[in-house]
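A look at the structure
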Amino acid sequence: MLKVESLVAGYGNIKVLHQISIEVGKGELVAVLGANGAGKTTLLKTISGLIKASAGTVRFDNADITRYPAEKIVGAGISHVPEGRNVFARSTVLVNLEMGAFLRQDKAGVKNDIEKYLAMFPILGERHAQLAGTLSGGEQQMLAIARGLMSRPKLLLLDEPSMGLAPFLVNEIMKIIKELHREGISILLIEQNVHKALKVTQRAYVMELGQIRRHGKSMELLESDVIQKSYLGEKQNPKRRA
Amino acid sequence: MLYEVLMIGVMVGAIYTLITIGYSMVYGVLKLMNFAHGDVYIFGTLMTYTLLAKNQWHPALAILLAAVAGGLLAALVEIVAYRRLRAAQHRMISMITALGAAYVIQNLSELRWGNQVLPFPSLFPSKQLMVMGHAVSLTHLVTLVIAVGVIAVFNIFLKRHKMGKAILCVSEDISTSSLMGIPINRTMSTVYFLGGVLGVIGGVLYSSSYGAVSLGMGFRGTVIAFTAAVIGGIGSLGGAMIGGMILGISENIISVYVSSTFRDPITFLILIAILLIKPTGIMGKVEQGKV
């Protein structure tokens, strides 16, 4: 479904991504993990057209979308839920959702979807007339995800949805991600919460300094030495130390 | 006397609001000073003058055509002078091209209309009405009603129309807006277009109530739009209204009770005083820093 090949991109003269290749199959839930500054967000931004690639290709459903502007990529079926949520703070919850469906012409369908997500996230239903800026962090994250779904994407790009949230909210968000996946949406999840991300996803890539260092089945990565040492800390596995 | 001064002040305030909205909205979406704003609105006003005084057009038709022409000219400025430079490293670059566009429009207008003061035909019959025991000029009243009506329609457009809502989102966050599929370029041109249309309507109302139009009023229009936008809080519609009203009313009070010589100095003192108390303007919100 999504096929990124030898992607090179960055800001001005600074290259952040060095020949990145990843793939997300139809119906797959895939994670990209890595420390701060590894280039995970830049990767998502390049896929969704916010940053122009200087080399390599991004293919989606067999179409080359590398040079598409961001608004056309949404139309092609990729929805990017940005890091830090970035809800439209000065607009209401309802307007935020409407904007997520900007390209859709089926007014009745949009209305139905809004009702569907307000029911799926009851707290948003309660606050639909409130300005998005008045919501808490967790509520804003739910709004950002719901807004991302309003375009009826085939592929959802989630950039650190658990960032800055309390642990019980992180679990809540992970549950939502699993639920969306079960409904058949393909998801590319970027996470700093390596342990949680490996538990919900099927496959994962590990990024370091703009390159893919490892990839494999999430369960296997969870068990592996490198991940344990680099991201989960050795303390979590006292047996191996002994 | 005071009643009449206030009445005219409110009318001028509503006109200033019309002129300010476009300028303020452009700053909202692009975070750029639109130097060409005044030159666009005076172009439209001069065009209306020709259609009315020389070609004897029906006022409504003349204003409509000139407003659309002004809007298209403003959109052209966006496409030629800003669009390709949006990604430029320094804002100064697009400020300079905007200034360039302003001079081009100004000089072309001067070639066509010269820079003398032209007598602008009155749009409404000069009658006096009695409202609550006070004499009110019909021109002032109708001008006020039209200006307020146009502002109200524009407000409804922003709140209800999909494109209006998109404009507010783009002014908050361009890249997230593009992730929604909002066409950024088209939104920018729309903002310029609407700003030009409202500006021309404001310019025509102003010139018709004062019975004069001249090229020099264009620059003053830019200054007024800037001042009103900053006083009210740049980028917000409510701010443009408050700023426009403060300017319109205070100008008229100062002109009548102090001296018209002190009109502009005192206006700028008000600007400075408000900025000292609230640096973001009356309705201004603090821009949240983003990493």
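Quick look at the structure, then.

Cut-off values and rules
- Residues numbered from 1 in each chain as written.
- Chains lettered and ligands numbered in written order.
- Predicted model: local features only at pLDDT ≥ 70, side-chain atom pairs only at ≥ 80, totals over all residues.
- Heavy atoms only, no water.
- Helix = DSSP H or I, 4+ residues; strand = E, 2+ residues; numbered from the N terminus.
- Rg over C-alpha atoms; globule rule 2.2 N^0.38 Å.
- Buried < 20%, exposed > 50% of the residue type's maximum accessible area, 1.4 Å probe, protein only.
- Contact = heavy atoms within 4.5 Å.
- Areas by Shrake-Rupley, 256 points an atom, 1.4 Å probe, with all protein chains shown as cover.
- Lys, Arg positive; Asp, Glu negative; His and termini not counted.
- Charge placed at Lys NZ, Arg CZ, Asp CG, Glu CD.
- Pairing = 2+ DSSP bridges.
- Right-handed = clockwise from strand over helix to strand, strands pointing away.
- Buried area = accessible area lost by both parts, 1.4 Å probe.
- Salt bridge = Lys/Arg side-chain N within 4 Å of Asp/Glu carboxyl O.
- Polar contact = N/O pair within 3.5 Å; in protein donor to acceptor, adjacent residues only side chain to side chain.
- Phe/Tyr/Trp six-rings, centres within 6.5 Å; stacked < 30°, edge-to-face > 60°.
- Lys NZ or Arg CZ within 6 Å of the ring centre and 35° of its normal.
- Axes fitted to C-alpha atoms, helices over the stretch in contact; angles between N-to-C directions.
- Parallel < 35°, antiparallel > 145°, perpendicular 65-115°, else oblique.
- Left-handed = near helix turned anticlockwise from the far one by under 90°.
- Nonpolar A, V, L, I, M, F, W, Y, C, P; charged D, E, K, R; others polar.

Let's shift gears to the overall build of chain A. Counting secondary structure elements, chain A contains 11 helices and 10 strands. Computed over its C-alpha atoms, the radius of gyration of chain A comes to 18 Å, within 12% of the 18 Å expected for a compact globule of 242 residues. Structurally, chain A occupies a C-alpha span of about 60 × 40 × 30 Å along its principal axes. Burial analysis of chain A (242 residues in total) assigns 52% to the buried set. A separation threshold of at least 6 residues defines the contact pool for chain A, and within that pool the share at least 24 residues apart is 68%. Here chain A has roughly 11,000 Å² of accessible surface; of this, 51% comes from carbon and sulfur atoms. Across chain A, 33 positive and 24 negative side-chain charges occur, with their mean positions spaced 2 Å apart.

Further remarks concern the pairing of strand β8 (residues 186-191) of chain A. Residues and elements named next belong to chain A. By the criterion of burial, β8 is predominantly enclosed, with 6 of the 6 residues buried. Here β8 shows two buried faces, one formed by S186, L188 and I190 and the other by I187, L189 and E191. Relative to β8, strand β7 (residues 155-159) runs parallel, the two sharing 5 bridges. What sits directly across from L156, in β8, is I187. Regarding topology, helix α7 (residues 167-182) serves as the crossover connection from β7 to the parallel β8, and that connection is right-handed.

A separate point is the interface of chain A and chain B. Listed as interface residues are 22 residues of chain A and, on the opposing side, 20 residues of chain B. Sorting the residues of chain A by area buried against chain B places F88, R90 and F102 of chain A first, and these three jointly supply 37% of that buried surface. Linking chain A to chain B there are 1 salt bridge. Residues K165 of chain B and E98 of chain A are paired through a salt bridge, measuring 2.4 Å at the closest nitrogen-oxygen approach. Between the two partners, chain A and chain B, sit 5 residue pairs in polar contact (both at pLDDT 80 or more).

For the rest of this paragraph, the subject is the packing of aromatic side chains. All names here are of chain A. Considering all chains together, one arrives at 5 aromatic pairs over all chains under this definition. The cationic tip of K72 hangs over the ring face of Y68; the distance from NZ or CZ to the ring centre is 4.2 Å. Sitting above the plane of the F88 ring, R147 keeps its charged end 5.0 Å from the centroid.

Residue and element names in this part refer to chain B. Helix α10 (residues 237-257) packs onto helix α1 (residues 2-30) with a crossing angle of 140° between their chain directions and a minimal axis gap of 7 Å. Of the possible angle classes, the one that applies to α1 and α10 is oblique. Read as a crossing pair, α1 and α10 show a hand that is right-handed. Its residues assigned to classes, the contact of α1 with α10 comprises 18 nonpolar, 7 polar and 1 charged.

Turning next to the pattern of salt bridges. Residue and element names in this part refer to chain B. Per the stated rule, a full pass over the model turns up 15 salt bridges over all chains. The shortest N-O distance in the salt bridge between R83 and E78 comes to 3.0 Å. Judged by its relative accessible area of 24%, R83 falls in the partly exposed class. The salt bridge involving D264 is made with R220; its shortest N-O contact spans 3.2 Å. Within this pair, whereas D264 is found in helix α11 (residues 263-277), its partner R220 is found in helix α9 (residues 217-232), the two being separated by 44 residues in sequence.

Let us now look at the sheet that holds strand β9 (residues 203-208) of chain A. All names here are of chain A. As summarised here, the arrangement of the 6 strands in space is β6-β7-β8-β3-β9-β10, forming an open sheet in which the pairing is mixed. Among the strands making up the open sheet, the edge pair consists of β6 (78-81) and β10 (211-217). Between one strand axis and the next, the sheet turns by 15° as a mean value, whatever way the strands run. Relative to β7, β6 is paired through 4 bridges, and the arrangement is parallel.

Residues and elements named next belong to chain A. Strand order across the open sheet formed by 4 strands is β2-β1-β4-β5, with antiparallel pairing between neighbours. Every other strand in the sheet has two partners, leaving β2 (14-24) and β5 (63-64) as the edge strands with one partner each. Here strand β4 (residues 53-60) runs beside β5; their pairing, made up of 2 bridges, is antiparallel. Following the sheet pairing, R59 is matched in β5 by D64. Together, β1 (2-11), β2 and β4 form the strand contacts of helix α1 (residues 40-47), whose direction differs from that of β1 by roughly 110°.

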